[in-house]
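Survey of secondary and tertiary structure
Take a look at the letters that make up each chain.
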Amino acid sequence: DGNAPSESDLVLDTLAQKVQESLSLDKRHKFWETQPVGQFKDIGNTSLPEGPIEPPLPLSDVKQEPYNLPTLYEWITCDISSEEMCNEVFNLLANNYVEDDENMFRFNYSMEFLRWALQPPGYFRSWHIGVRVKSSKKLVAFITGVPARIRVRDDIVNMAEINFLCVHKKLRSKRLAPVMIKEVTRRVHLENIWQAAYTAGVVLPTPIATCQYWHRSLNPKKLIDVGFSRLGARMTMSRTIKLYKLPESTITPGFRKMEIRDVPAVTRLLRNYLSQFVVAPDFDENDVEHWLLPKENVVDSYLVESPETHEITDFCSFYTLPSTILGNQNYSILKAGYSYYNVSTKTPLLQLMNDALIIAKQKDYDVFNALDVMHNESFLKELKFGPGDGKLHYYLYNYRIRQALNPAELGLVLL
Ligand code: MYA
């Protein structure tokens, strides 16, 4: 049989397979391969339609009981309003949540921040999910969703934003994460919602966009002392401090803190601005009040009110997410601000963000971070942000995007 493969063909085939497997985009993902998400094998296949991958089910077809956990563990629904519960979640995350690649820093979301992040308008308590050890009641895993209307091109889709997936360090690699994800998916489905958005530092099938964090030193001496940054080539400490020096007070006339009376104007400004991006939240006034009205040590928002017309022309905001510094003698907390939503119509974005940096410096932040989403590229280099290592990948669940987006096409910031 002239067409039968020879032994050397077979050897070559397995070799080709091995090479394929070693290419990062063809790693096996035993769990993610079973989920309605863009699959690696479909990258570049432009014949697949954009939009939902699977249709919704009748609610009566959604599994009514929770997924099975290993017998020593039990599900709980977390009441994040309760001081005690919020504190348990805070401690799980403070000790087990996201670290940088070198394990020098770990996110330290505050209790106030967690409440803000988890209780937006219309939130479902059932989407705040914990896993406890049955015998000791110790909280060992967590995952959350909050509802959000997200626009993808011309379609406004009811979604869950999934965040705070965390498994205690001692329970890693036991395939608990897939069970957590399936359980949150089930509870989201029970509310008749069939899509989700999430971000992660790891590559999974399949990012809709891959973004990068940039960092602007505000307290360069501390950042260097704790190993967050390094003294540049041919730089001394005093030259570095001078390089990052900022004015004492903001520059733009009419720049002030956002107040409750500004909610309608900020909503109009933001809705109009976000309409240009391929993926962005569809914020109404309630959302803006929740997500953008200043909350001490959680979210800061400033705007420019024209001194002549009293029109609100520009807006900037950042949220506060400290990190624990692991194993440093002198410092234990890094105070970081993260660029959130910014809108410029009159004040150049560069000047607006410079004022945001000045405010952050006044408030004693050590570093100001920003992703390369929206129009952020236009100010990062000029305002002396430096690129971070590591990427942030954006994902949609059960919604296909034909081609990966550029970061600048994203109008969405997740916490
Ligand atoms: S991103 C932040 C994630 N948290 C951390 O990085 C904190 C520190 N790490 C941990 O706590 C654990 O390492 C975690 C994994 C819990 C992350 N997103 O149990 P395992 C897949 C999605 O043996 P563990 C955030 O919160 C992995 O590829 N999947 O692993 C957004 C593998 O699957 P596969 C992830 O290390 C979360 C499987 O899990 C992630 O003990 C969005 C291994 O499981 C990750 N970040 O635990 C979740 N990391 O074999 C998805 C690993 O297929 C939401 N994996 O490769 C989807 C939408 C759901 C709602 C849908 C509604 C319609």
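**So, the packing of helix α7 (residues 263-274) against helix α8 (residues 285-292)**
Direction vectors running N to C along α7 and α8 enclose 100°, while the axes themselves pass 9 Å from each other. By the angle between their directions, the pair α7 and α8 is classed as roughly perpendicular. Here V263, P264, V266, T267 and L270 of α7 lie close against α8, whose contacting residues are E285, V288, E289 and L292. When its residues are assigned to classes, the contact of α7 with α8 shows six nonpolar, one polar and two charged.

**A closer look at the site of the ligand**
Near the ligand you find 33 residues, and of these H29, W32, L165, S173 and A177 are the closest. In this structure, Y97 approaches the ligand through a side-chain N or O atom, which is 3.5 Å from an oxygen atom. Between the ligand and L165 there is a distance of 2.8 Å, counted from a nitrogen atom to a backbone nitrogen or oxygen. Computed on the free molecule, the ligand has an accessible area of 1,200 Å², of which 88% lies beneath the protein chains in the complex. Those elements giving two or more residues to the shell around the ligand turn out to be β5 (155-167), α4 (176-189) and β6 (195-200). No other element matches α4, which puts seven residues into the shell around the ligand. A class-by-class count of the residues in the shell around the ligand yields 21 nonpolar, eight polar and four charged.

**So, the nonpolar core**
By size, the foremost hydrophobic cluster in this structure holds 83 residues, and its most contacted members are Y319, Y340 and Y341. If near-sequence neighbours (up to four positions away) are discounted, Y340 is found in contact with W116, W291, L292, V299, S317, F318, Y319, M374, V413 and L415. Within the second largest apolar cluster, 30 residues are counted, among which are V37, I129, V131 and I162.

**Notes on the pattern of salt bridges**
Evaluation of the coordinates by the stated rule reveals 22 salt bridges. Here E65 and K63 are joined by a salt bridge, their closest N and O atoms 3.3 Å apart. Residue E65 is classed as partly exposed on the basis of its relative accessible area, which comes to 46%. The shortest N-O distance in the salt bridge between D225 and K221 comes to 3.1 Å. Placement of the pair is D225 and K221 together in helix α5 (residues 220-225), with a separation of four residues, close to one helical turn. Relative accessible area serves as the criterion here: at 40%, K221 is assigned to the partly exposed category. Several salt bridges share partner residues, and in doing so they unite R149, R271, D282, D284 and D287 into one network.

**Focus on α4**
Compared with an ideal rise of 1.5 Å per residue, which puts 14 residues at 20 Å, α4 spans 20 Å between its outermost C-alpha atoms and is within 8% of the ideal. Taken across its 14 residues, α4 has twelve buried, putting it largely inside the fold. Within the span of α4, buried status applies to L176, P178, V179, M180, I181, E183, V184, T185, R186, R187, V188 and H189. Lining the buried residues of α4 we find β1 (73-77), β3 (128-133), β4 (139-152), β5 and β17 (386-397).

**Here's the deal with the packing of helix α2 (residues 83-96) against helix α3 (residues 111-118)**
For any two helices packed against each other, one specifies the crossing angle of their axes together with the interaxial distance. It is the contact of α2 with α3, at a shortest axis distance of 10 Å, that shows an interaxial angle of 105°. One element, α2, and the other, α3, form an angle in the roughly perpendicular class. Counted together, E83, C86, N87, V89, F90 and L93 of α2 and M111, L114 and R115 of α3 form the full contact between these two elements.

**A closer look at the environment of L292**
By the secondary structure assignment, L292 is in helix α8. Since its relative accessible area comes to 0%, L292 is described here as buried. The spacing of L292 and H29 is 263 residues in sequence and 37 Å in space, taken between C-alpha atoms.

**Section: the pairing of β4**
A large share of β4 lies buried, amounting to 13 of its 14 residues. In sequence, β3 turns back onto β4 through a hairpin of five residues, with K137 there showing a positive phi of about 65°. Two successive antiparallel strands, β4 and β5, enclose a turn made up of two residues, where R153 displays a positive phi of approximately 50°. In terms of strand pairing, β4 meets strand β9 (residues 279-281) through three bridges, oriented antiparallel. Of the residues in β9, the one forming a bridge with I150 is P281.

**Re the sheet that holds strand β12 (residues 323-325)**
If you trace the three strands from one edge of the open sheet to the other, you get β2-β12-β13, paired in antiparallel fashion. Taken across any chain shown, the strands that pair with only one partner, and hence form the sheet edges, are β2 (105-107) and β13 (333-334). Bridging between β12 and β13 involves two bridges; their strand directions are antiparallel. Bridging across to β13, T324 finds its partner in I333.

Thresholds, definitions, all that
- Residues numbered from 1 in each chain as written.
- Predicted model: local features only at pLDDT ≥ 70, side-chain atom pairs only at ≥ 80, totals over all residues.
- Heavy atoms only, no water.
- Axes fitted to C-alpha atoms, helices over the stretch in contact; angles between N-to-C directions.
- Helix = DSSP H or I, 4+ residues; strand = E, 2+ residues; numbered from the N terminus.
- Parallel < 35°, antiparallel > 145°, perpendicular 65-115°, else oblique.
- Contact = heavy atoms within 4.5 Å.
- Nonpolar A, V, L, I, M, F, W, Y, C, P; charged D, E, K, R; others polar.
- Near = heavy atom within 4 Å.
- Polar contact = N/O pair within 3.5 Å; in protein donor to acceptor, adjacent residues only side chain to side chain.
- Areas by Shrake-Rupley, 256 points an atom, 1.4 Å probe, with all protein chains shown as cover.
- Core = buried A, V, L, I, M, F, W, Y, C linked by side-chain atoms within 4.5 Å.
- Buried < 20%, exposed > 50% of the residue type's maximum accessible area, 1.4 Å probe, protein only.
- Salt bridge = Lys/Arg side-chain N within 4 Å of Asp/Glu carboxyl O.
- Expected span 1.5 Å × (residues − 1).
- Pairing = 2+ DSSP bridges.

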